[in-house]
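Chain and residue survey
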Amino acid sequence: MELMEFARLTMNLEEPWEITDLCTEEGKDGMELAIHVDYPRGRTVVCPCCKEDVKVHDRVHRVWRSLDWNGTKAYLHADVPRADCPYCGVKEIDVPWADRRSRFTRMMEIFLVSLCRSMAPCTVALKFKVDPRKLRKLIAAHVKDGLKHLDLSRLERVGVDERSVLKGRSGSCFVTLFIDMDTGRVVFVTPGKDSKTLARFATFLSKHGGSPRNIKDFSCDFGRPFITGIRRYFKRSKITCDRFHLVKLATEALRKIVTGLSPIKASRLKVYYTLSTNESNMDAEQKDLLSQVRELSKRMSAAFDLKEDLAQVYRMGGRGNAKRHLEQWIAKARSSDLRPFKTLADTVEGNMYRILNWFDSGLTNGVLEGMNSLMNSVKGRSRGFRYVSSFVYMTYFMGMGEDHDVYGNVIRKYKKEALHA
């Protein structure tokens, strides 16, 4: 097989496009391979708007970055005809090897963005000598294109949580993630962590075939902004307060007790770590330390018992038993002299029915916490993000499964086109 024929097949060139020359040229980074493609003179072209055959008005020289050939940077050069359409005006025609306004060939796009799943975009840009801004714009463009075809008509159960992105002099910047609890995929990401994020999600939902009326259940933490936004914009939805956040609140109350004056000889950090562990999961050393705590500090012992009793609510076997257990726990916490647990008792009482909704929905924010660990690794690889928008696009890009991700659909579409060509 001739080299030009091989290049034509790998680049998915269609008739009447043809390769006219393959040569090496001196570039900024050394020798580069130049692939020259031409459209025959005297032939009509198809208007990209109305799809009518029209005459050629003129030609514009364009250059696309292609896949490297044996470590050598390759560029595709073409004088692209512009259609002289009497109805649409002068329009540049579409080329078969790249999307409109893109300066990468499709296979180069697939290669670069596939690498961004396991490497930081800045690292990919450095390795293959690509402008990082162009790579970020490439990811953002395909995310936007994929979101246009996102169908949320079957979305019924949603998890919501905030995530810190940037930290600096102006404070922390947050984004709010909305996840389909049935499939585990990210459906919406927006800056902020207040009730307005729910309003933007309701608008986004309506634009993509869904409706706020279809959402039956929400899973969230005990933050007032999220609860207020759900009650305002999703009035038919039931709210389930996440069980892990409830245990976290109890552990935070315990920490405030442990950080006070302590008669225990062990370090406060070790005592806190031991008391925050479930008694059934303690090893021998931790059980010995717990015995010392019970003997020397009634205050810490009472705090530990309150923390353990609160976690038992999810083992009551039913909503009725769990409600009675919570009522007894609230009375016990308020009768104690532990101020942090008295404050927690008010929180539990105000959200009792949202806590008990777990027995009907079974929802937790475990999927969202897993997404947080994934985004932590993305932030670590990228050494942080300068712009919130970059984090949003990477969350869309990384937060969807292999069968549902935005760019994966584009890759499969390109592969199908290549097979049918």
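Computed from a predicted structure; not experimentally measured.

1. Focus: the packing of helix H4 (residues 132-148) against helix H16 (residues 388-398)
How two helices pack is summed up by the angle between their axes together with the distance between the axes. Taken N-terminus to C-terminus, the directions of H4 and H16 make an angle of 60°; their axes are 10 Å apart at the nearest point. Between H4 and H16, the crossing angle belongs to the class labelled oblique. Seen from above, H4 lies across H16 with left-handed handedness. Here H4 contributes Arg136, Ile139, Ala140, Val143, Lys144 and Leu147 to the contact with H16, which in turn contributes Ser390, Tyr393, Met394, Tyr396 and Phe397. The residue makeup of the contact of H4 with H16, split by class, is eight nonpolar, one polar and two charged.

2. A look at the confidence of the model for the chain
Per-residue pLDDT for the chain averages 84, and the proportion of residues at 70 or more is 89%. Contacts from residues 401-407, a stretch scored under 50 in pLDDT, to residues over four places away or in other chains number 18 contacts.

3. Digging into the packing of aromatic side chains
On inspection of all chains with the given rule, the structure shows 12 aromatic pairs. With a centroid separation of 5.3 Å and 90° between ring planes, the pair formed by Trp64 and Trp97 is classed as edge-to-face. With Trp64 in strand S4 (residues 53-69) and Trp97 in the loop between strand S6 (89-92) and helix H2 (106-115), the pair connects residues that are 33 residues apart, well separated along the chain. An identical accessibility class is assigned to Trp64 and Trp97; each is buried. Joined through ring pairs, the aromatic side chains of Phe178, Phe188, Phe201, Phe204, Phe218 and Phe234 make up one cluster. A cation over a ring is seen here: Lys193 above Phe174, with NZ or CZ 4.0 Å from the ring centre. A cation sits over an aromatic face here: Arg243 above Phe244, 5.9 Å from the ring centre.

4. Examining the pairing of S4
Here strand S3 (residues 45-46) runs beside S4; their pairing, made up of two bridges, is antiparallel. Among the inter-strand pairings, Val46 is bridged to a residue of S4, identified as Asp53. Where S3 hands over to S4, the hairpin turn is made up of six residues, of which Lys51 adopts a positive phi near 65°. Across 12 bridges, S4 lies against strand S5 (residues 72-85) in antiparallel orientation. Within S5, the residue paired with Trp64 across the bridge is Leu76.

5. Regarding helix H10 (residues 298-311)
When the terminal C-alpha atoms of H10 are compared, their 20 Å separation across 14 residues agrees well with the 20 Å that a helix rising 1.5 Å per residue should span. Turning to H10, its buried residues are Met300, Ser301, Ala303, Phe304, Leu306, Lys307, Glu308 and Leu310.

6. Looking at the side chain of Ser237
On the secondary structure map, Ser237 appears in the loop between helix H6 (224-233) and strand S11 (238-241). For Ser237, the side chain forms a polar contact with the main-chain oxygen of Ile215, separated by 2.6 Å. In contact with Ser237, not counting residues within four places along its chain, are Pro212, Ile215, Lys216, Phe218 and Ile230.

7. Concerning the environment of Phe188
Relative to the assigned elements, Phe188 resides in strand S9 (residues 186-191). Sequence spacing of Phe188 and Leu147 is 41 residues, and the spatial spacing of their C-alpha atoms is 9.4 Å.

Rules and cut-offs
Residues numbered from 1 in each chain as written. Predicted model: local features only at pLDDT ≥ 70, side-chain atom pairs only at ≥ 80, totals over all residues. Heavy atoms only, no water. Axes fitted to C-alpha atoms, helices over the stretch in contact; angles between N-to-C directions. Helix = DSSP H or I, 4+ residues; strand = E, 2+ residues; numbered from the N terminus. Parallel < 35°, antiparallel > 145°, perpendicular 65-115°, else oblique. Left-handed = near helix turned anticlockwise from the far one by under 90°. Contact = heavy atoms within 4.5 Å. Nonpolar A, V, L, I, M, F, W, Y, C, P; charged D, E, K, R; others polar. pLDDT = per-residue confidence, 0-100. Phe/Tyr/Trp six-rings, centres within 6.5 Å; stacked < 30°, edge-to-face > 60°. Buried < 20%, exposed > 50% of the residue type's maximum accessible area, 1.4 Å probe, protein only. Lys NZ or Arg CZ within 6 Å of the ring centre and 35° of its normal. Pairing = 2+ DSSP bridges. Expected span 1.5 Å × (residues − 1). Polar contact = N/O pair within 3.5 Å; in protein donor to acceptor, adjacent residues only side chain to side chain.

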